[in-house]
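Chain and residue survey
What follows is the residue order along each chain.
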Amino acid sequence: MATETKGLHYDASYIEKFSSSRGEPAWFTEMRKQALALAEELPLPQPEKTRIIGWNFTEFEHELESKAVDSLNDLPEYIHRLIGKEEQAGNLLLIHNGRLAYQSLSDDLKSKGVIFTDLETALREHGDLVKKYYFAKAAKLDANKLTALNAALVNSGLFLYVPKNVEIEVPLQTVFWQDHPDAGLINHVIVVADDNSSITYVENYLSTEHEGSQVANIITEVYVGDNATVRFGGVDQFTKDVTTYINRRSYVGANGRLEWALGQMNDGNTLSETFTSLVGDGGVTDMKAVSIGHGEQRQNFENRIHHFGRNTESDMLIHGVQLDKAQSIFNAITKIEHGASKSDGEQTQRVLMLSEGARGDANPILLIDENDVIAGHAASVGRIDPIHLYYLMSRGISRKDAERLIVHGFLNPVVSQLPIEGVKDQLTEVIEGKVK
Amino acid sequence: MAQPTLKIEDLHVSIEGKEIVKGFSLEIKGGEIHAVMGPNGTGKSTLASALMGHPKYEITGGKVTFDGQDLLEMEVDERARAGLFLAMQYPSEISGVTNADFLRTAINARRGEGNEIPVMQFIKKLDEKMKLLDIDEEFANRYLNEGFSGGEKKRNEILQLMMLEPKIAILDEIDSGLDIDALKIVAKGVNAMRSPEFGCLIITHYQRLLNYIKPDKVHVMMQGRIVKSGGPELAERLEAEGYDGLKKELGIEDDEVVEQEA
Ligand SMILES: Nc1ncnc2c1ncn2[C@@H]1O[C@H](COP(=O)(O)OP(=O)(O)OP(=O)(O)O)[C@@H](O)[C@H]1O
Ligand SMILES: [Mg+2]
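Residues numbered from 1 in each chain as written. Chains lettered and ligands numbered in written order. Predicted model: local features only at pLDDT ≥ 70, side-chain atom pairs only at ≥ 80, totals over all residues. Heavy atoms only, no water.

A count of helices and strands for chain A gives 10 helices and 19 strands. A compact globule built from 436 residues would reach a C-alpha radius of gyration of about 22 Å, and chain A, at 21 Å, matches this within 12%. In terms of overall dimensions, chain A has a C-alpha envelope of 65 × 50 × 45 Å along the principal axes. Summarising the internal contacts of chain A: among those between residues at least 6 apart in sequence, 82% fall at separations of at least 24. Carbon together with sulfur atoms contributes 46% to the accessible area of chain A, which is approximately 16500 Å² in total. Between the averaged position of the 42 positive side-chain charges in chain A and that of its 62 negative side-chain charges there is a distance of 3 Å. (Helix = DSSP H or I, 4+ residues; strand = E, 2+ residues; numbered from the N terminus. Rg over C-alpha atoms; globule rule 2.2 N^0.38 Å. Contact = heavy atoms within 4.5 Å. Areas by Shrake-Rupley, 256 points an atom, 1.4 Å probe, with all protein chains shown as cover. Lys, Arg positive; Asp, Glu negative; His and termini not counted. Charge placed at Lys NZ, Arg CZ, Asp CG, Glu CD.)

Right, dumping it as structure tokens:
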């Protein structure tokens, strides 16, 4: 039975109570209320070629119990392994069921003015700074029902701010961990690298309950200031019963650089948008994302890069593996606006089909409004090359293992780019688990 | 270890309905090095690929046994695990899979589960063989053949040969694209494998390689079968005369070859 999108279970008074229980500033409460009204009215997003009617975006528990963690050693093994062993462990946030459970930031970074905390705390302690970036230049609150819903009900989040001229070598890591069978993670991540700064940020989404009806509604805003660099790594790993809407958006200033490395490894239905806006002249983005669809999973990945500034460069690489009866749509849009002369936008999408019953669709779209540019696209949907299999098997490797090697190789562009060994290993393991 | 034997009897191979190998027979034993020479398009690579089990080639007749087992009944990977190796004329490029990971997987496939090669032992062996073949260390972490030059690919095939230690190896034009120094290095690698437990079939166009790897027997292949066998002196004669003299002597018309080239 196709369920209608149900009415929301929340009203303005609930929102006010929730907001005040978290000690939020008035502007934020106000925004929630406006967003709630919008959420009632606005339509769902309309992803190309994927029917999301009937997907559960609204049935979930909004307030969950969460437990602080005193020592990382108390964490379950699968979380513990994710966490960077040495230097990175110094800069870690663990968000458990939406609330801050563990936090550490090295004295060095603190003294440089780096802010790395959950959204709730950031709103209390750095409200004005959050206001400057929250649904400001990167994401729009009123884009659709789900963005508005996110703003109305946000119950989890992260705020990372790197001041001007601060360059950070070590990665900062956030783990968002859900372990409630009906969890609703309404999450908002803000990463700001002010002018001339540089940062590496890695986030892991992890849910560990399998029986229930869960929702993840995630908005991420990344601001890359002039001459700043952000390396953004993410591994999403929600279980089968989590319906995910994840919308990652970014704004890149003049000569800024943004590198995305995303492992999109959810087991449930997923609607993903990633958007990079190269606003200043000379901005560069390198986006890599890999995913696996399996079981009966339905996924839609829209990856979009807009060039506004002159001399901007983008390179997009999207690789997806399709198993079982999974269906995924990959839409890549590179848009070069009028005036963005001497820009270069390249995109490659490859979908590897490992089963007869799977479906995959890669749609490359170039929208060019300027003459003096270079742009290119490549897209393919295909099976493993039998000659490649033959070559590997001719060295004694079984067909199954040869396929596995090829799949790992196919997804390697993202795995090899992740800066934390534990996260790399985990992604490799997830891939292994899905392809077995 | 017993002396391995690859026995090919009256083999016929077709590709896309066209018969290419037409009654090829040869027995290769451990300790022996055989060379097969022959004009372009006579079916040398077809023979090699069919023996390895390439999916595009169809065996239409004949018999091949490997240590008494029916080779043609075996899957490609089973043939390899039984000890057959083919250094390919055109090796594949596999993106994202490092040379080292690939080699370790291949070695472990042969050793079987529970008997995996200890990592340190693997690294030591790899280092040693790479040094012998004068391959830069970084190649261990490069993706399998991706972006390798022609000569680098050939060297990488020999590296695999040395790491996997097969019983019988077929080297398909391992010398093509190699500069003279690389040729010597590759020959050194193959010679290092020589033992009563290792037999080898070298497919080549040039006698030069055979100066460095002395064959016991040289066979000339034309139109899908062996037309003449002899010792190393046969290769020298071909080098001097080309194939025309031999064709005349044997009364072979080369209309087929002409037809293929047309
Ligand atoms: N896919 C194919 N379809 C049709 N003919 C093919 C195909 N592959 C190979 N052939 C033909 O089979 C014949 C034998 O090819 P093969 O590669 O075995 O020759 P070779 O003796 O190894 O030649 P070379 O010395 O040039 O390597 C050639 O005429 C070739 O064109
Ligand atoms: Mg050939």
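Once that is clear, we can look at the confidence of the model for chain A. Per-residue confidence for chain A averages 94 on the pLDDT scale, and 97% of its residues sit at or above 70. Contacts for the low-pLDDT stretch residues 1–5 of chain A, under 50 throughout, to residues beyond four places or in other chains number three contacts. (pLDDT = per-residue confidence, 0-100.)

Moving on, we get to the pattern of salt bridges. All chains considered together, the criterion is met by 35 salt bridges over all chains. Each member of the salt-bridge network shares a partner with another, and the members are Arg 22, Arg 99, Glu 120 and Arg 124 of chain A. (Salt bridge = Lys/Arg side-chain N within 4 Å of Asp/Glu carboxyl O.)

Residues and elements named next belong to chain B. Around ligand 1, a shell composed of 14 residues is seen, among which Gly 41, Lys 44, Ser 45, Thr 46 and His 205 lie nearest. A distance of 2.8 Å separates an oxygen atom of ligand 1 from a polar atom in the backbone of Ser 45. Within the side chain of Gln 89, a nitrogen or oxygen atom sits 3.2 Å from an oxygen atom of ligand 1. About the coverage of ligand 1: the protein hides 71% of its 640 Å² of free accessible area. (Near = heavy atom within 4 Å. Polar contact = N/O pair within 3.5 Å; in protein donor to acceptor, adjacent residues only side chain to side chain.)

With that out of the way, let us pick up empty space enclosed by the protein. Residue and element names in this part refer to chain A. As enumerated under the stated definition, the model contains three cavities of 30 Å³ or more in all. The calculated volume of the largest cavity comes to roughly 70 Å³. Lining the largest cavity we find 13 residues, and of these Arg 22, Leu 119, Glu 120, Asn 155 and Ser 156 sit closest to its centre. Classifying every residue of the lining of the largest cavity by side-chain character gives four nonpolar, four polar and five charged. (1 Å grid on protein atoms, 1.4 Å probe; cavity = no way out; pocket = protein on both sides within 12 Å on 5 of 7 lines; lining within 4 Å. Points joined across faces, edges and corners; volume = space filled by probe spheres on them. Nonpolar A, V, L, I, M, F, W, Y, C, P; charged D, E, K, R; others polar.)

Residue and element names in this part refer to chain B. Within the open sheet, the four strands sit side by side as 2-1-4-5. Their pairing is antiparallel. Two strands bound the open sheet, and with one partner strand each, they are strand 2 (18–29) and strand 5 (69–70). Pairing between strand 1 (residues 5–15) and strand 4 (residues 57–66): eight bridges, direction antiparallel. Paired with Lys 7 across the bridge in strand 4 is Thr 65. In the packing of helix 1 (residues 44–52) onto the sheet, the strands contacted are strand 1, strand 2 and strand 4, and the crossing angle to strand 1 comes to about 110 degrees. (Pairing = 2+ DSSP bridges. Axes fitted to C-alpha atoms, helices over the stretch in contact; angles between N-to-C directions.)

Bringing the pairing of strand 7 (residues 168–172) of chain B into the picture now. Residues and elements named next belong to chain B. For strand 7, the tally of buried residues reaches five of five residues, placing the bulk of the element in the interior. Neither face of strand 7 is exposed, since Ile 168, Ile 170 and Asp 172 on one face and Ala 169 and Leu 171 on the opposite face are all buried. Where strand 6 (residues 84–87) lies against strand 7, four bridges are found, and the strand directions are parallel. Among the inter-strand pairings, Leu 86 is bridged to a residue of strand 7, identified as Ile 170. As paired strands, strand 7 and strand 8 (residues 199–203) are joined by five bridges and run parallel to one another. Each residue of the ladder has a partner; that of Ile 170, found in strand 8, is Leu 201. In the classification by handedness, the crossover that spans strand 7, the intervening helix 6 (residues 180–193) and the parallel strand 8 is right-handed. (Buried < 20%, exposed > 50% of the residue type's maximum accessible area, 1.4 Å probe, protein only. Right-handed = clockwise from strand over helix to strand, strands pointing away.)

Attention now goes to a negative patch on the surface. Together, Asp 127, Asp 134, Asp 136, Glu 137, Asp 179 and Asp 181 of chain B make up a negatively charged patch on the protein surface. Looking at Glu 137 of chain B, the relative accessible area reads 63%, which means it is exposed. (Patch = residues over 30% accessible without salt bridge, like charges linked within 9 Å, V, L, I, M, F, W, Y side chains within 5 Å.)

A separate point is the side chain of Glu 370 of chain A. Residue and element names in this part refer to chain A. Following the sequence through the fold, Glu 370 ends up in the loop between strand 18 (359–368) and strand 19 (374–382). Although Glu 370 is buried, it forms no salt bridge, and the closest oppositely charged side chain is Lys 342 at an N-O distance of 8.0 Å. There is a polar contact of 2.6 Å between the side chain of Glu 370 and the backbone nitrogen of Gly 339. Among all residues touching Glu 370, those that are not within four sequence positions of it are Ile 336, Glu 337, His 338, Gly 339, Ala 340 and Ser 341.

Residues and elements named next belong to chain B. For the magnesium ion (ligand 2), the full set of protein donor atoms is Ser 45 (OG) and Gln 89 (OE1), at a range of 2.0 to 2.2 Å. Of this pair, Ser 45 sits in helix 1 while Gln 89 sits in the loop between strand 6 and helix 3 (99–111), and the two are 44 residues apart along the sequence. Of the residues examined, Ser 45 reaches a relative accessible area of 23% and is grouped as partly exposed. (Donors = N, O, S within 2.8 Å, 3.2 Å for Na, K, Ca; no water.)

Okay, the layout of surface pockets next. Considered as a void within the structure, the largest pocket measures approximately 740 Å³ in volume. Forming the boundary of the largest pocket are 24 residues, of which Leu 405, His 408 and Glu 432 of chain A together with Asp 101 and Thr 105 of chain B lie nearest the centre. Considering every element that reaches the lining of the largest pocket, the biggest residue donor is helix 9 (residues 399–415) of chain A, with seven residues. Among the residues making up the lining of the largest pocket, the classes are represented as five nonpolar, 12 polar and seven charged.

In regions of low pLDDT, the predicted coordinates are not meant to be interpreted in detail. Here chain B averages 93 in pLDDT, and 96% of its residues register 70 or above. Under a pLDDT of 50 for its full length, residues 257–262 of chain B has, in the predicted model, two contacts with residues more than four places off or in other chains.

This brings us to the pairing of strand 5 (residues 167–178) of chain A. Residue and element names in this part refer to chain A. In terms of residue burial, strand 5 counts as a mostly covered element, since nine of its 12 residues are buried. Taken together, the five bridges between strand 1 (residues 92–96) and strand 5 define a ladder with parallel strand orientation. Bridge pairing links His 96 to Trp 177 in strand 5. Relative to strand 7 (residues 198–207), strand 5 is paired through nine bridges, and the arrangement is parallel. Looking across to strand 7, one finds that Gln 173 is bridged to Val 202.

Right, let's talk about unusual backbone geometry for a bit. The phi torsion at Phe 135 of chain A lies on the positive side, around 45 degrees, for a residue other than glycine. Along the polypeptide, Phe 135 of chain A turns up in the loop between helix 6 (127–133) and helix 7 (145–153). Overall, the relative accessible area of 11% leaves Phe 135 of chain A in the buried class. For Glu 16 of chain B, which is not glycine, the phi dihedral falls at a positive 45 degrees. Among the structural elements, Glu 16 of chain B can be located in the loop between strand 1 and strand 2. For Glu 16 of chain B, a relative accessible area of 73% puts it in the exposed group.

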